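# Structure at a glance
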Amino acid sequence: MGLRSLWRRLPADYRTFSSRDLRAGLVHGLVSVPDGLAAGLLAGLSPLAGLYGYLFGTITGALATSSVVMSVQATGAMAVILSDVPGLTGPGGTTALATLTILTGALMLAAGIARLGTLVRYVPNAVLTGFVNAVAANIVLAQLADATGYHSDAANRILRAGDTILNVASFHWPTVAVAVGTAILIVVLERTRLGALGLAVAIVAASVVTALLPSAGVQTLNDITEVPRSLPGLVLPSLGLIAALVVPAASLAFVGLVQGAAISQSQPNPDGSYPNPSRDFSGQGIANLVSGVFQGMPVGGSMSATALVVAAGGRGRASNLVAGLVMIVTILLFGSAAGHIAMPALAALLIVIGIRTFKIDQAVMVWRTGGTQAVIMAATFVLALLVPMQYAVLYGVAISVILFVFHQSNRVRVVRWTLDAEDRPVAETDPPATLHAGEIVVLTPYGSLFFASSDVFADQLPAPDTDSAGSVVVIRLRGKEDLGSTFIRMIVGYRDSLTSAGAHLVLTGVGDRVLAQLRNTGTLASLGESNVFPADPQLGASLHAGLRRARDLQNAHPSQ
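This section reports on the structure supplied with the text. (Residues numbered from 1 in each chain as written. Predicted model: local features only at pLDDT ≥ 70, side-chain atom pairs only at ≥ 80, totals over all residues. Heavy atoms only, no water.)

## Examining the overall build of the chain
Note the following rule: A run of H or I in DSSP counts as a helix once it spans at least four residues, and a run of E counts as a strand once it spans at least two, with each numbered from the N terminus. C-alpha atoms define the radius of gyration, and 2.2 Å times the number of residues to the power 0.38 defines the globule rule. Accessible area is worked out with a 1.4 Å probe on protein chains only. A residue is then buried under 20% of its type maximum, exposed over 50%, and partly exposed in between. Residues are treated as being in contact if the distance between any of their heavy atoms lies within 4.5 Å. The protein chains shown are the only cover counted for residues, whose accessible areas, like all others here, come from Shrake-Rupley with a 1.4 Å probe. Charge convention: Lys and Arg are scored as positive, Asp and Glu as negative, and His as well as the terminal groups of each chain are ignored. Charge placement uses NZ in Lys and CZ in Arg. For Asp and Glu, CG and CD serve respectively.
Within the chain one finds 24 helices and eight strands. Its C-alpha radius of gyration of 31 Å places the chain more than 25% over the 24 Å reference for a compact globule of 560 residues. A principal-axis box enclosing the C-alpha atoms of the chain has dimensions of 105 × 70 × 50 Å. The 560 residues of the chain split such that 49% are buried. Once local pairs closer than 6 in sequence are excluded, the contacts in the chain between residues at least 24 apart make up 81%. Surface accessibility of the chain: about 25200 Å² in total, with carbon and sulfur atoms responsible for 62%. Taking the 33 positively charged and 30 negatively charged side chains of the chain as two groups, their mean positions are separated by 12 Å.

## Regarding the environment of Ala24
Relative to the assigned elements, Ala24 resides in helix α3 (residues 19–42). On a C-alpha basis, the gap between Ala24 and Val176 in space is 33 Å, while along the polypeptide they are 152 residues apart.

## Notes on empty space enclosed by the protein
Stated formally: Cavities and pockets are defined on a 1 Å grid built over the protein atoms alone: a cavity is a set of grid points where a 1.4 Å probe fits but cannot escape, while a pocket is an open set with protein on both sides within 12 Å along at least five of seven lines, and lining residues are those with an atom within 4 Å of any such point. Grid points are joined across faces, edges and corners, and a volume is the space filled by probe spheres set on the points. For this classification, the nonpolar set comprises Ala, Val, Leu, Ile, Met, Phe, Trp, Tyr, Cys and Pro, the charged set comprises Asp, Glu, Lys and Arg, and every other residue, Gly included, is treated as polar.
The final tally for this structure, using the stated rule, is two cavities of 30 Å³ or more. The calculated volume of the largest cavity comes to roughly 50 Å³. Secondary structure elements with two or more residues in the lining of the largest cavity: α3 and α15 (318–338). Broken down by element, the residue count for the lining of the largest cavity peaks at four residues, all from α15. The computed volume of the second largest cavity comes to approximately 30 Å³. The wall of the second largest cavity is formed by Leu477, Leu483, Ile488, Ile491, Leu507, Leu518 and Thr523. By residue class, the composition of the lining of the second largest cavity is six nonpolar, one polar and no charged.

## Section: the layout of surface pockets
Within this model, the second largest pocket holds a volume of roughly 650 Å³. What lines the second largest pocket is a set of 31 residues, and nearest its centre among them are Leu42, Ser83, Ala142, Arg157 and Arg160. Secondary-structure elements contributing two or more residues to the lining of the second largest pocket are α3, α7 (125–142), α8 (144–148), α9 (157–166) and α18 (371–386). Element by element, the count of residues in the lining of the second largest pocket is highest for α9, at four residues.

## Concerning the pattern of salt bridges
Once their charged atoms are close, side chains differing in charge can pair, the charge on each being opposite to the other. Note the cut-off: Whenever a carboxyl oxygen of Asp or Glu lies within 4 Å of a side-chain nitrogen of Lys or Arg, that contact is scored as a salt bridge.
Under the criterion given, the structure shown has six salt bridges. As a salt-bridge pair, Arg356 and Glu190 come within 2.6 Å of each other at their nearest N and O atoms. Of the two residues, Arg356 is situated in helix α16 (residues 343–357) and Glu190 in helix α10 (residues 173–190); the sequence distance between them amounts to 166 residues. The partner of Arg416 in a salt bridge is Glu439, with the nearest N and O atoms 3.6 Å apart. You can see Arg416 sitting in strand β3 (residues 413–419) and its partner Glu439 sitting in the loop between β4 (425–429) and β5 (440–446), a full 23 residues away along the chain. Looking at Glu439, the relative accessible area reads 15%, which means it is buried. Sharing partners across several salt bridges, the network here consists of Asp420, Glu422 and Arg424.

## A short note on the side chain of Arg495
Heads up, the rule is: Counted as a polar contact is a pair of N or O atoms within 3.5 Å, where, for protein atoms, one must be capable of donating a hydrogen and the other of accepting one, and residues adjacent in sequence contribute only when both atoms are in side chains.
Along the polypeptide, Arg495 turns up in helix α21 (residues 484–500). Reaching out from Arg495, the side chain makes a polar contact with the side chain of Asp496 at a distance of 2.8 Å. Beyond its immediate stretch of four places on either side in the chain, Arg495 contacts Leu505, Ser526 and Leu527.

## Remarks on unusual backbone geometry
Across the chain, the bulk of peptide bonds are trans and the bulk of non-glycine residues have phi less than zero. Residue Gln295 is not a glycine yet carries a positive backbone phi of 70°. Overall, Gln295 belongs to the partly exposed group, its relative accessible area being 29%. In this model, Asp423 sits at a positive phi of 60°, which is unusual for a non-glycine residue. Looking at where Asp423 falls in the secondary structure, it is placed in the loop between β3 and β4. Its relative accessible area of 13% is what places Asp423 among the buried residues.

## Some thoughts on the sheet that holds β4
Put simply, the rule reads: We treat two strands as partners when DSSP finds at least two bridges between them. Inter-axis angles, ranging from 0 to 180 degrees, are taken between N-to-C directions of lines fitted to C-alpha atoms, where helices are fitted over the stretch in contact.
Taken in spatial order, the six strands of this open sheet run β4-β3-β5-β6-β7-β8, and their pairing is mixed. In this open sheet, the two strands that pair with only one neighbour each are β4 and β8 (532–534). Ignoring which end each strand starts from, the neighbouring axes of this sheet average 25° apart. Against the sheet, α21 engages β6 (472–476) and β7 (504–510), with an angle of about 145° to β7. Helix-sheet contacts for helix α22 (residues 512–520) involve β7 and β8, and the interaxial angle to β7 is about 140°.

## A closer look at the packing of helix α6 (residues 93–113) against helix α13 (residues 277–293)
For clarity, the threshold we go by: Should an angle fall under 35 degrees it is taken as roughly parallel, and over 145 as roughly antiparallel, whereas 65 to 115 is taken as roughly perpendicular and any remaining angle as oblique. Crossings are classed by handedness, with left-handed meaning an anticlockwise turn of the near helix from the far one by less than a right angle and right-handed meaning a clockwise turn.
Packing of α6 against α13 leaves a shortest axis separation of 7 Å and a crossing angle of 160°. Here α13 runs roughly antiparallel to α6, going by the angle between their axes. Every pair of crossing elements has a handedness; the one defined by α6 and α13 is left-handed. Facing α6, whose interface residues are Ala98, Thr101, Ile102, Thr104, Gly105, Ala106, Met108, Leu109, Ala111, Gly112 and Ile113, α13 presents Ser278, Phe281, Ser282, Gln284, Gly285, Ile286, Asn288, Leu289, Ser291, Gly292 and Val293. Counted by class, the contact of α6 with α13 contains 11 nonpolar, 11 polar and no charged residues.

## Some details on the pairing of β4
Within a regular strand, the side chains alternate between the two sheet faces. Both β3 and β4 contribute to a ladder of four bridges, which runs antiparallel. Note on β4: the bridge partner recorded for Trp417 is Glu428.

## Thoughts on the environment of Ser291
One can find Ser291 in helix α13. Sequence separation between Ser291 and Ile488 is 197 residues; the distance between their C-alpha atoms is 52 Å. In contact with Ser291, not counting residues within four places along its chain, are Tyr52, Gly53, Phe56, Thr101, Gly296, Met297 and Val299. A polar contact is formed between the side chain of Ser291 and the backbone oxygen of Met297, at a distance of 3.0 Å.

Nothing here speaks to function; it is all geometry.
This is the structure:
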């Protein structure tokens, strides 16, 4: 089979190339060089780790994801998480970073293979909003040292920010001038015809000024690491480090996948179809495997980079492939020149990115939604500022689950159905507080009947007393797919209290799963199979059968 035949067998989106893709790739590639270096800096790693992550993530993601325009790069949120992971620098740091990146990729790939792309919709918006705004705050706070020249030794970012503010007199003012000037230049140039390229031009201009004034003592990239004019060599992971890195890897995979899923759901492919989120999971996983063995940091779907590609006119995979090629050429031809980039210029770039990352409008919307959502968002935000980021996002999800269970357990409502002469429901009212002798009470619950709601449900049931003989409580369970042992135990206890008062319990509309639970736990035999009526496809059939049974029980009572 010839190359031409193989080319024709490729899907159309792999063979599409246009001048707009070339232009978008050129812009994206040039911007990605300083952006990648800044990402490594934000993560507390060698800036080269960010650049290599950008390079190999962009190229591999372009080939492996379902989205044809998604740019897979190191994101701000993932970089902030990395900055809290110990052991990624110094002796053994290269191996540890490779292990973490590859482990992150393996988790992403497993999620894609297992087709878990739809699970991200269960992550509450309140958690994401709190986390994103905390990431923005952390990005800005993490750059204060490089932007001011004052390095605080305080325990966390909040304390270091406070210490920095209190020591304005110790600022290195040439450094401050370069940072402020770069930030202003970025904002101004982006509004010219340069557009996104204004970012790269601003970094270069600030670095040229710094190089012309060596006596100012402004720190450059060469003061931190040597930037080689070559591509990185291979590095293998260490199996012995997996146990120590599994939690941060899970957090990185979670954040990367959520951000990637947001792109999949909001950015359709040029043909109008939406990407497959599970395949995007796999593609991001493969990108991390490649990034890890080539000394790159973990990567994921980047919303800002994807938006840049689309805004620059990119329509296909070629945009990101060209961007990767531009990064390779830049590294090989101008790698040594990159060492002269001024550190406060990179810090200014990250501060601008951080400020733009804040989602104030979304935070206001969540705050106005209700107390539970506001608490979840605020808790996630505060935790992300005070504890390592790899734990903060997991804590936020856990808090949301706990509050959801609490909220749902208090939303269960039991109503009494009033029936006409033909046993058709005509009204809903509150259940009676107590049962009266010889009456039939039909009850319908609304809400989820899981374990935490059993007490709320029980409190709304009519209580039997000495005047309840001959009465029957009929509970409709139509549409309830799972009761659980706690709820079943409550039902048995309520049946026992009715029996003690000479009253009876009948269940109708019982689905197959609930019926199996009742049978497997011995509850069906305890309640009596003649008092439990399975759901029927015909609406009302199960209830009518249950009412006939209730009247039989009522008529069989000695007092009737």
